[in-house]
Amino acid sequence: DTAVSQTPKYLVTQMGNDKSIKCEQNLGHDTMYWYKQDSKKFLKIMFSYNNKELIINETVPNRFSPKSPDKAHLNLHINSLELGDSAVYFCASSREALYGYTFGSGTRLTVV
Amino acid sequence: SQQGEEDPQALSIQEGENATMNCSYKTSINNLQWYRQNSGRGLVHLILIRSNEREKHSGRLRVTLDTSKKSSSLLITASRAADTASYFCAPLIPNSGYALNFGKGTSLLVTP
């Protein structure tokens, strides 16, 4: 049973397109996150949701919009994709935000 | 910066040896967490140490925390080739929205 699952695992798309990455967790966690890992392995928080409400929105272009239809899902929609958006995007979840995170296996986005 | 900074950036040892990685941070914390990332995979939570704890063990892992020096260390004893991965520390900062910020990690290579 996959605890945090992301789809798709790989995404190759052209500049200017709009794409979505889906994330689902079956752990009953209250908080979900999106992280971006660049080519230098630096992992940066993008968004954090607690019980479907946005609690963190780091300095991220507004082309990125998270959507949380329910506590178990946090999707990431990206408009007008740019070359610099190429990275690995990780979804994660945690219980009450003070405990360890469970990460998904990542979505490798390549913009050409 | 609210992220941890790992040192060294890269570490190469032989199987059976111990591996020590260090982490420094800049502000007071709720807890500090260590994660492992195998190549092409998501991060896996290893151990969490609270600000009022000084040492914690989990199997072959030993984590120490010195809040006066704002530093932590992760010791892996009797390392195995399967321990080859990147290791990240993440301090949890109060009033940060409880989002973990990660550094660039320590890349550990364990050779047979």
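About the cut-offs
- Residues numbered from 1 in each chain as written.
- Chains lettered and ligands numbered in written order.
- Predicted model: local features only at pLDDT ≥ 70, side-chain atom pairs only at ≥ 80, totals over all residues.
- Heavy atoms only, no water.
- Helix = DSSP H or I, 4+ residues; strand = E, 2+ residues; numbered from the N terminus.
- Contact = heavy atoms within 4.5 Å.
- Buried < 20%, exposed > 50% of the residue type's maximum accessible area, 1.4 Å probe, protein only.
- Pairing = 2+ DSSP bridges.
- Disulfide = S-S within 2.5 Å.

Trainee: With reference to specific residues and values, describe the environment of Asn51 of chain A.
Mentor: Residues and elements named next belong to chain A. Structurally, the position occupied by Asn51 is in the loop between β5 (43–50) and β6 (53–57). Between the C-alpha atoms of Asn51 and Asn79, which are 28 residues apart in sequence, the distance is 25 Å. For Asn51, the contacting residues outside a window of four places in its chain are Asp30 and Lys71.

Trainee: Could you give an account of the pairing of strand β8 (residues 71–76) of chain B, with specific residues and numbers?
Mentor: Residue and element names in this part refer to chain B. For β8, the tally of buried residues reaches 5 of 6 residues, placing the bulk of the element in the interior. Sheet topology note: the strand β3 (residues 19–24)/β8 ladder contains 6 bridges and is antiparallel. From the neighbouring strand, Asn22 faces β8, where its bridge partner is Ser73. Of the pairings in the sheet, the one linking strand β7 (residues 61–66) to β8 comprises 6 bridges and is antiparallel in character. Note that in β8 the partner of Asp66 across the bridge is Ser71. Connecting β7 to the next strand, β8, in antiparallel fashion are 4 residues, including Lys70 with a positive phi near 55°.

Trainee: I'd like a description of the state of the cysteines, backed by residues and values.
Mentor: Cysteine pairs can be covalently joined through their sulfur atoms, and such a bond is termed a disulfide. If you walk through the whole model with that rule in mind, you get 2 disulfides over all chains. Disulfide pairing places Cys23 of chain A opposite Cys91 of chain A at an S-S distance of 1.9 Å. The chirality of the disulfide connecting Cys23 of chain A with Cys91 of chain A is left-handed, given an S-S dihedral of about -75°. With Cys23 of chain A in strand β3 (residues 19–25) and Cys91 of chain A in strand β9 (residues 87–94), the pair connects residues that are 68 residues apart, well separated along the chain. When sorted by exposure, Cys23 of chain A lands in the same class as Cys91 of chain A, which is buried. Across the disulfide, Cys23 of chain B is cross-linked to Cys89 of chain B (sulfur-sulfur distance 2.0 Å). Between Cys23 of chain B and Cys89 of chain B, the S-S dihedral sits near 70°, and the bridge is therefore right-handed. With Cys23 of chain B in strand β3 and Cys89 of chain B in strand β9 (residues 85–92), this residue pair connects regions lying 66 residues apart in the sequence. Summarising the burial analysis for this pair, Cys23 of chain B and Cys89 of chain B share the class buried.

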